[in-house]
Amino acid sequence: MSTVAADVVVVGAGPAGIAAAVRATEAKRRVVVLDEAPNVGGQIWRHRSVGTLGADARTWIDRLSRTNAEVRRGVAVVDVIVGGEAGDITVVAERHLGGVDVIRTPALIIATGARERFVPFPGWTLPGVTGIGGAQALLKQGATFRGKRVVIAGTGPLILPVAASLTDAGARVVVVAEQAPFQAVRDFALSLLTHPETLLQAAIYRLAFLRTPYAMGTWVTSASGTDQLAGVAVANARTAWSLPCDLLCTGYGLVPNVDMARFVGCTTADGAVAVDERQATSVPGIFAAGEVTGIGGVGLAVAEGEIAGAATAGAARIDPSLARRRQALRVVARRMERAFALRQELRSLARDDTVICRCEDVGRAAIASFADSRQAKLYARAGMGACQGRVCGPALELLFGWQPGTVRSPLEPARLSTLSTAALAGAASSAADPSAGS
Amino acid sequence: MPQSSVAAVTISADGRSVRVPAGVTVAAALLDLGTSAFRRSVSGEPRAPLCGMGTCYECRVTIDGVAHRRACLVTVAEGMHVTTADGAEEAPA
Ligand SMILES: Cc1cc2nc3c(=O)[nH]c(=O)nc-3n(C[C@H](O)[C@H](O)[C@H](O)COP(=O)(O)OP(=O)(O)OC[C@H]3O[C@@H](n4cnc5c(N)ncnc54)[C@H](O)[C@@H]3O)c2cc1C
Ligand code: FES
C-alpha cells in the first residue's frame, strides 16, 4: 500500500476529468488522476475508432501529458472517506494488477461519467444482443463483425456513429430503429444548426440520414433465437414485423454514474449529481464534472471539467466564456432529453418471465409485486449479483419507478486485502493530524 | 478472422489451440471464434458480452485457471488458456 498526499484528486480520466486535471495543474496544484480503465480518454476518446472528434481528443490528451499531473491508470476507486479531523478526503483505490493506493486530499473532483441504459425485453439476454457502446468497444478490441446482419435499436444521437462504425467494419446494418418520433428527431436536428458547438453533430445526422436505413418512431419489441440471436420483432405505431439478424445493438441513452457521489453524501436530482456554478457538490471539498452531473455530451463535459479544475485551484471567478459555453450546451442537452424521451411502450415490453436482473436471473414476475428496489434485492436477489445493479438498477427505475438503493463500499467488487486497507485508511483519517496531507 | 499481416498469438480456447491476432481482447477473440456461451447464468442460459467495458459481468470466463475473469478487459497472450461455460475444464499450462 502507498499513501500519498495531493492538492486535488480527480476520479475519471474522461473528457471532464482530463480538462479538470489540466486546469488544476496549470494553476500549480499537485493533481492525481485515477481511472480504472487501462487508457485515458473516457468513454468517447478511448473507444472511438475513426474519430470525428479526433483532433479535440488529441489536443486534450497532449495537454494532460505536458502537465505534471500524475495519472494512474488501471486503478478503481473502491472507497472514499470524508471527514476526519483534518477535514481531508481519503481516496482508496485498487490496482487491477494488485496493490492499493491511498491518497489524502482536500479537494476531490468526481468525473465518473455515465454508462449505457438497458431496457429489458423478451430475448435481451441472448448472445448476440449487446449495447451500442458494447458493440463499439468490442469492435475497437478487435472483434470483426464483417458480413453480420445488424439491427441497431435505441434512441438519441449516439446510435448513429455506431451504425457508421459497424458499416465501415463491413457489417450490414439492416435497420437503425430510433424510438423517438420523426417530428421530435427533426426538430432536434434542426435546433443543432443554431449552435456552433453542435454543428458537427448536425453533420453526423445528415450523414446518417443518407447512409443508414434510419427508421424513426420504431422500436424492437423482442429478440428470438435458441442459444444465439436469430432475429428481432420490430414495431412502429401502425404495424409490427420481423427481421432475421446476427447482432442486435441497443442504446437507450445513458445513466450518470452517481454511485461514488451518492456514497459520500452528495445531493442528486433526477439521477445526476447536483452542482452549483463552480461545479461544487453539496459536500464541502467535493466537485463533480461531466456526465455524472447530467447527460450532455463531450463538449459540456470538457467545459464543466475546466470550471471544476479552476475552482479547486481557488479561482475566485468563473471564466465567463466557459460559463457561457456550459450554459449553451446545457440548453442543447435539455432539448435532447426531451426529444429522445423514452416512449411508454418500452416500459411494458418485458413479460412475466423476462429476466430483469441478469446476474441472478430474476424475472419480472418475481419482483413486480415489491414496493421498492430494496425489497426486490432483499427478497428476490435482484441487483445482488456481480454488476451490483448497474444494469438492472436503471431498468427497475424505468419499469417500476423505483429509485436506486443505498450505495455501500466497496464501490467496485474489491479484493479482501483492499478492503482491510480501506478500513485502516478510514481509521487513520479520523485520527489524522490536521497538518497532514496538505 | 485474423489477417495474415497482423502479428498473431496462439491461445487455447476450450482445449482447442487457435491463432488469434495479437492485441485483441479475449472477448473479441472468442466472438470471432464463434463462441456464443461465454458463461451460463444461474438458471443455465447462455450469456455473452453485453457492455464490452467491464460493467455487466456477462463475459466471464476462466483464464489461466482463474475463474470469473471479464473477457472484455483482458488482452490475449501467447499460451493463454481460456475456458468458456461449455468448455471442458482443463488445467492451466
Ligand atoms: C457506451 C458509451 C458510448 C458513447 N459513444 C459516444 C459516441 O459515439 N459519440 C459521442 O459523441 N459521445 C459518445 N458517448 C458520450 C461521451 O462518451 C460522453 O459525452 C463523454 O465521454 C463524457 O465524458 P466524462 O468525462 O463525463 O465521462 P466518461 O468519458 O464516461 O469518463 C468517466 C471515466 O471515469 C472512470 N471511472 C468511473 N468510475 C470509476 C471508479 N470507481 N474508479 C476509477 N475510475 C472510474 C471510467 O473508467 C471513465 O474512464 C458515449 C458514452 C457511453 C457511455
Ligand atoms: S462485456 Fe460487460 S463486463 Fe465484459
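Conventions and cut-offs
- Residues numbered from 1 in each chain as written.
- Chains lettered and ligands numbered in written order.
- Predicted model: local features only at pLDDT ≥ 70, side-chain atom pairs only at ≥ 80, totals over all residues.
- Heavy atoms only, no water.
- Helix = DSSP H or I, 4+ residues; strand = E, 2+ residues; numbered from the N terminus.
- Buried < 20%, exposed > 50% of the residue type's maximum accessible area, 1.4 Å probe, protein only.
- Areas by Shrake-Rupley, 256 points an atom, 1.4 Å probe, with all protein chains shown as cover.
- Pairing = 2+ DSSP bridges.
- Axes fitted to C-alpha atoms, helices over the stretch in contact; angles between N-to-C directions.
- Contact = heavy atoms within 4.5 Å.
- Buried area = accessible area lost by both parts, 1.4 Å probe.
- Salt bridge = Lys/Arg side-chain N within 4 Å of Asp/Glu carboxyl O.
- Polar contact = N/O pair within 3.5 Å; in protein donor to acceptor, adjacent residues only side chain to side chain.
- Arc of directions from axis to C-beta.
- Domains from an automatic or database assignment.
- Nonpolar A, V, L, I, M, F, W, Y, C, P; charged D, E, K, R; others polar.
- Parallel < 35°, antiparallel > 145°, perpendicular 65-115°, else oblique.
- Left-handed = near helix turned anticlockwise from the far one by under 90°.
- Near = heavy atom within 4 Å.

## Topic: the overall build of chain B
Helix and strand content of chain B: 1 helix and 7 strands. What you see in chain B, going N to C, is helices and strands ordered as β-β-α-β-β-β-β-β. Considering chain B as a whole, with its 93 residues, one finds that 52% of them fall into the buried category. Just so you have it, chain B exposes about 4000 Å², and 51% of that area is on carbon and sulfur atoms.

## Here we look at the sheet that holds strand β6 (residues 66-70) of chain B
Residue and element names in this part refer to chain B. Spatial strand order, β2-β1-β7-β5-β6: 5 strands in an open sheet with mixed pairing. Each edge of the open sheet is held by one strand with a lone partner, namely β2 (16-21) and β6. On average, adjacent strands in this sheet sit at an angle of 40° to one another, irrespective of strand direction.

## Quick notes on the interface of chain B and chain A
Across the contact, 29 residues belong to chain B and 29 residues belong to chain A. At the boundary of chain B with chain A, total buried surface from both sides reaches about 2400 Å², with 56% on carbon and sulfur atoms. Note that R47 of chain B is salt-bridged to D361 of chain A, the shortest N-O span being 2.7 Å. Across the chain B-chain A interface, the total number found is 12 residue pairs in polar contact (both at pLDDT 80 or more). Breaking the side of chain B that touches chain A down by element, the ones donating at least two residues are α1 (26-32), β3 (39-40) and β4 (46-47) of chain B.

## Comments concerning helix α6 (residues 182-192) of chain A
When α6 of chain A is considered as a whole, its buried residues turn out to be V185, F188, A189, S191 and L192 of chain A. Considered in projection along α6 of chain A, the buried side chains sweep an arc of 160° and stay on one side of the axis.

## Here's the deal with the domain arrangement of chain A
Residue and element names in this part refer to chain A. Each domain of chain A was delimited in the assignment, giving domain 1 (2-115 + 255-337), domain 2 (118-252) and domain 3 (345-400). Taking the mean C-alpha position of each, domain 2 and domain 3 sit 24 Å from one another. Across the contact, 12 residues belong to domain 2 and 13 residues belong to domain 3. When domain 2 packs against domain 3, close to 1200 Å² is buried across both sides, 73% of that on carbon and sulfur atoms. Taken together, the links from domain 2 to domain 3 amount to 0 salt bridges. In this assembly, domain 2 and domain 3 are joined by 2 residue pairs in polar contact (both at pLDDT 80 or more). Of the residues contributing to the side of domain 2 that touches domain 3, the split by class is 9 nonpolar, 3 polar and no charged.

## Some words on the packing of α6 of chain A against helix α10 (residues 320-339) of chain A
Residues and elements named next belong to chain A. Between α6 and α10, the least distance of the axes is 9 Å, while the angle of their chain directions is 165°. By the angle class used here, α6 and α10 are roughly antiparallel. Two packed elements cross with a definite hand, and for α6 against α10 that hand is left-handed. Residue-level contacts link A184, F188, S191 and L192 of α6 to V332, R335, M336 and A339 of α10. A breakdown of the residues in the contact of α6 with α10 according to their chemical character gives 6 nonpolar, 1 polar and 1 charged.

## Considering the sheet that holds strand β17 (residues 247-251) of chain A
Residue and element names in this part refer to chain A. Across the sheet, which stays open at both edges, the 5 strands sit in the order β10-β17-β11-β12-β13 with parallel pairing between neighbours. The strands lining the two open edges of the sheet, one partner per strand, are β10 (129-131) and β13 (214-216). On average, each strand axis in the sheet is inclined to that of its neighbour by 20°, with strand direction left out of account. Against the sheet, helix α5 (residues 159-168) touches β11 (149-154), β12 (172-178), β13 and β17, its axis set at about 175° to β12.

## Focus: the site of ligand 1
The full set close to ligand 1 counts 33 residues, and A16, D35, Q43, V77 and E291 of chain A are the nearest of them. One chain alone does not account for the residues near ligand 1; they come from chains A and B. Separating an oxygen atom of ligand 1 from a backbone N or O atom of A16 of chain A is a distance of 2.9 Å. Protein contact buries 93% of the 990 Å² of open area that ligand 1 shows by itself. Of the residues forming the shell around ligand 1, the biggest block, 4 residues, is contributed by helix α2 (residues 42-47) of chain A. Shared between two domains, the shell around ligand 1 takes at least three residues from each, and those domains are domain 1 (2-115 + 255-337) and domain 2 (118-252) of chain A.

## As for the pattern of salt bridges
Any two side chains of opposite charge can pair, given that their charged atoms come close. Summed over the entire model, instances satisfying the criterion amount to 20 salt bridges over all chains. Put simply, D246 of chain A and R149 of chain A hold a salt bridge, and the shortest N to O gap is 3.0 Å. Of the two residues, D246 of chain A is situated in the loop between β16 (240-244) and β17 and R149 of chain A in strand β11; the sequence distance between them amounts to 97 residues. Residues joined by salt bridges that share partners form a network here, namely R358 and D361 of chain A together with R39, E45, R47 and E58 of chain B.

## A few points about unusual backbone geometry
The backbone phi angle of Q279 of chain A is positive, close to 70°, even though this residue is not glycine. The topology assignment puts Q279 of chain A in the loop between β20 (272-273) and β21 (286-288). Although it is not a glycine, H68 of chain B sits at a positive phi angle of roughly 60°. Among the structural elements, H68 of chain B can be located in strand β6. Residue classification places H68 of chain B among the exposed residues on the basis of a relative accessible area of 59%.

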